[in-house]
Amino acid sequence: MLRWHVMTTVYSNRFPIHPSVKTPDDAAWKQVRSGVDSLRGDMSAELRARLDKAGADKRITRDEYFSPGGAGLVGTPNNSIQGAMREDVHLAGLRVGKVDTFDVTALRAALADTSVSLDPAVRRDMTALVERHDDALRRGEILTGTHVDKQGGIHELTEGRINVDYDTFMARMNPLDWSPNLPRYRGGEVRELSRTQRPDGVLEVHQQERMSLDSFPSNLDMTKNSIVEIGEQGTKVSWHVFHSDPSALTLKTRSVMKDDGYIDFQRTDDGKVLVRSHSVHQVRTPGTQLARFVLGQGLTNELTGQAGLGGFFKEMVQRYRDIGEGRRAAVDTRRPIE
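Not measured: the values here are computed from a predicted model.

## Re the overall build of the protein chain
Each helix and strand in the protein chain was counted, giving nine helices and 16 strands. Here the protein chain, with 338 residues, has 51% of them falling under the buried criterion. Residue pairs in contact within the protein chain that sit at least 24 positions apart in sequence constitute 64% of those at least 6 positions apart. Carbon and sulfur atoms form 52% of the exposed surface of the protein chain, whose accessible area is close to 16,100 Å².

## Comments concerning the environment of Met173
Positionally, Met173 belongs in the loop between α7 (166–172) and β10 (185–197). Take Met173: its relative accessible area is 0%, and that puts it in the buried class. When the C-alpha positions of Met173 and Ala330 are compared, they lie 5.9 Å apart, and in sequence the two are 157 residues distant. Leave out the neighbours within four places in its chain, and Met173 touches Trp178, Asn181, Phe265, Tyr320, Ile323 and Ala330.

## A word on helix α6 (residues 120–138)
Helix length check: α6, at 19 residues, gives a terminal C-alpha distance of 27 Å against a target of 27 Å (1.5 Å per residue), a fit within 8%. Two residues or fewer after α6 comes Gly140, characterised by a positive phi angle close to 105 degrees.

## Overview of unusual backbone geometry
In the segment running from Phe216 into Pro217, the intervening peptide bond is cis, with an omega of 10 degrees. Residue placement: Pro217 occurs in the loop between β11 (203–213) and β12 (220–230). Although it is not a glycine, Lys58 sits at a positive phi angle of roughly 70 degrees. Mapped onto the fold, Lys58 is located in the loop between α2 (45–54) and β3 (59–60). The residue Arg184 is not glycine, and still its phi comes out positive at about 60 degrees. Of note, Arg184 is situated in the loop between α7 and β10.

Reading the values: rules and limits
Residues numbered from 1 in each chain as written. Predicted model: local features only at pLDDT ≥ 70, side-chain atom pairs only at ≥ 80, totals over all residues. Heavy atoms only, no water. Helix = DSSP H or I, 4+ residues; strand = E, 2+ residues; numbered from the N terminus. Buried < 20%, exposed > 50% of the residue type's maximum accessible area, 1.4 Å probe, protein only. Contact = heavy atoms within 4.5 Å. Areas by Shrake-Rupley, 256 points an atom, 1.4 Å probe, with all protein chains shown as cover. Expected span 1.5 Å × (residues − 1).

Below you can see the structure in the form of structure tokens.
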């Protein structure tokens, strides 16, 4: 049976945790849980509102679901359910977008809700979109979606398969090392603070982690508390960023104002791995500040999600896939012993 040496710091590279940061108390771990709980549902508030409104009379009609004039990638905003799925970016009064992971999650829920009657054409379209998404995952595509909430939080939801056995993946990449194995990782520190073997067989590990990601003008510097839950059927990493160090790479300003999220590594029905991440962010970098001046805050947030966060989390799944499928060695912060 493998076990690990437990030390205060298990990994450090160029960017140690600032000495002013204190050991988390019980309230800090509750913040991690509550931050992840706030993401429940995995769909945009706008799409949820339109589905709820349409289904208030226990049925969803064609007129409530389909966009007037069709569902092209570009069009004018409208109040249909299909319109909400397409409104990822608003530009000069137009909506630009596609059906993404958030939308598919909402469609799955609508199809499973037996209390609401769906028009046959609506059901066919929903089913086709979900099947198209699942087929793309099986073909190896990494799929993502983003949206901006009313508070300016930028959400991402990313999914991708790793085609190796779940146990093989866990052996090749210890999930406790999830952060040093992120793409664009410049350095940081990982402190293991506690570990508990729960009655349900899940190993729960509490860590504090600093990470510096990407380079100027897009550098993000953050310290987070994370909870890693390792089980036979799945592993979940949950985090809450509570501190952001001003650094030279961020022009001496805080770069991460909000960051809550989770990554699931789930054993699939065929024994492989489905990676799923959902997180919400508010960031301030020299690059986003310039974009805000030119484009305005709303469009900057939308584009930061589409081009920035969505791209990063797709890279993350690809990096984990490369490790799991044996094309890349993982950063190993703990040496297993017999």
